[in-house]
Amino acid sequence: MAKMVGVFTCLFIMTLDIIAGILGIKAEAVQNQQKHVRLWLFECKDPSQEAYRLALAAATLLGVAHVLANLLGGCNVCTRDEIEKATPNRQLSFACLFFTWIILAIGFSMLVTGIISNKKSRASCGFTHNHFLSIGGILCFVHGFFSVTYYITATAAHSLTH
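Residues numbered from 1 in each chain as written. Predicted model: local features only at pLDDT ≥ 70, side-chain atom pairs only at ≥ 80, totals over all residues. Heavy atoms only, no water.

Draft legend 1. Quick peek at the overall build of the protein chain. In terms of helices and strands, the protein chain carries 5 helices and 3 strands. When its helices and strands are written in sequence order, the protein chain yields α-β-β-α-α-α-β-α. A burial count over the protein chain gives 38% of its 162 residues as buried. The contacts in the protein chain between residues at least 6 apart in sequence include a share of 83% that link residues at least 24 apart. In the form shown here, the protein chain has an accessible surface area of approximately 9500 Å², with 71% of it arising from carbon and sulfur atoms. (Helix = DSSP H or I, 4+ residues; strand = E, 2+ residues; numbered from the N terminus. Buried < 20%, exposed > 50% of the residue type's maximum accessible area, 1.4 Å probe, protein only. Contact = heavy atoms within 4.5 Å. Areas by Shrake-Rupley, 256 points an atom, 1.4 Å probe, with all protein chains shown as cover.)

Right under this line is the structure:
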C-alpha cells in the first residue's frame, strides 16, 4: 500500500510540473504572437492576457508541486555535521532538495518576469525580454525530475533509518 502511495505521489508531482512546463512554453508562444516592434535591443509590445493567464497558472502549479514534494518528502538532513556523516542516500536526498530550491527560485523568477511583462495595464518598451516564459517552462520539467528524485531518496532514507 505504501508503494502505491509513493508511486501516486511521484506521478502527481511530475504531472503538475509537466503541465506547468507546457503552460510556460505555450505562454511564450502566445506572447510571441502579439504585435511588437523591435529596433536593435529595444522592443515595444502589447501585453497578452492569455500569456498572462497561462504563465500565472504555470507559476502556481510549479509552486504547488514544490510544496507537495517538500512536505511529503520531509526533512532528513538539517545540519552540516549530519550531512557529512549521513549515508549516501541521505546525501543524495539533500543534494536533490538543494537543487529543487535553486531550480524553483530561477524558474519561478522567469515565470514571474513573464507574468509582469504581460500584465494587462502595461504596454512595455525597453530591452527585449526574450524566452523568459519558455526557460521557466523548461525549468518546470527539470524541477519535476529533481522533486521526484528527492521524494524517492528522502522516503527511502527515512524507511532505512526506521
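From this point on, the discussion continues.
Draft legend 2. Main features of the confidence of the model for the protein chain. Summarising the model, the protein chain shows a mean pLDDT of 84, and 79% of its residues fall at 70 or more. No element of the protein chain has a lower mean pLDDT than strand β3 (residues 124-127), at 61, and none a higher one than helix α2 (residues 49-73), at 93. (pLDDT = per-residue confidence, 0-100.)

Draft legend 3. Examining the side chain of E28 more closely. For E28, the position within the fold is in helix α1 (residues 2-32). For E28, a relative accessible area of 6% puts it in the buried group. Ignoring sequence-local partners within four residues, the contact set of E28 consists of H131, F132, L133 and S134.

Draft legend 4. Examining the side chain of T153 more closely. Position of T153 among the secondary structure elements: in helix α5 (residues 132-161). Here the side chain of T153 touches Y150 through a polar contact of 3.2 Å, landing on its backbone oxygen. When near neighbours in sequence (up to four residues on either side) are disregarded, T153 contacts N89, L92 and S93. (Polar contact = N/O pair within 3.5 Å; in protein donor to acceptor, adjacent residues only side chain to side chain.)

Draft legend 5. Seen up close, a nonpolar patch on the surface. Together, F98, F99, I102 and I106 give the surface a local cluster of nonpolar side chains, amounting to about 360 Å² of exposed area. Locating F98 in the fold gives a position in helix α4 (residues 88-117). (Patch = residues over 30% accessible without salt bridge, like charges linked within 9 Å, V, L, I, M, F, W, Y side chains within 5 Å. Salt bridge = Lys/Arg side-chain N within 4 Å of Asp/Glu carboxyl O.)

Draft legend 6. Geometry of the environment of H158. Mapped onto the elements, H158 comes out in helix α5. Residue classification places H158 among the partly exposed positions, given a relative accessible area of 41%. A sequence separation of 84 residues divides H158 from G74, and the C-alpha atoms of the two residues are 8.8 Å apart.

Draft legend 7. Just the nonpolar core, in detail. Counting 15 residues, the largest nonpolar core has A27 and L111 as its most contacted members. Contributing elements (two or more residues each) for this core: α1, α2, α4 and α5. Among the elements that take part in this core, α2 stands out by supplying 6 residues, more than any other. Excluding its chain neighbours within four sequence positions, the residues that come into contact with A27 are A51, L54, A55 and L133. Counting 7 residues, the second largest nonpolar core, distinct from the first, contains I13, A65, A69 and V148. (Core = buried A, V, L, I, M, F, W, Y, C linked by side-chain atoms within 4.5 Å.)

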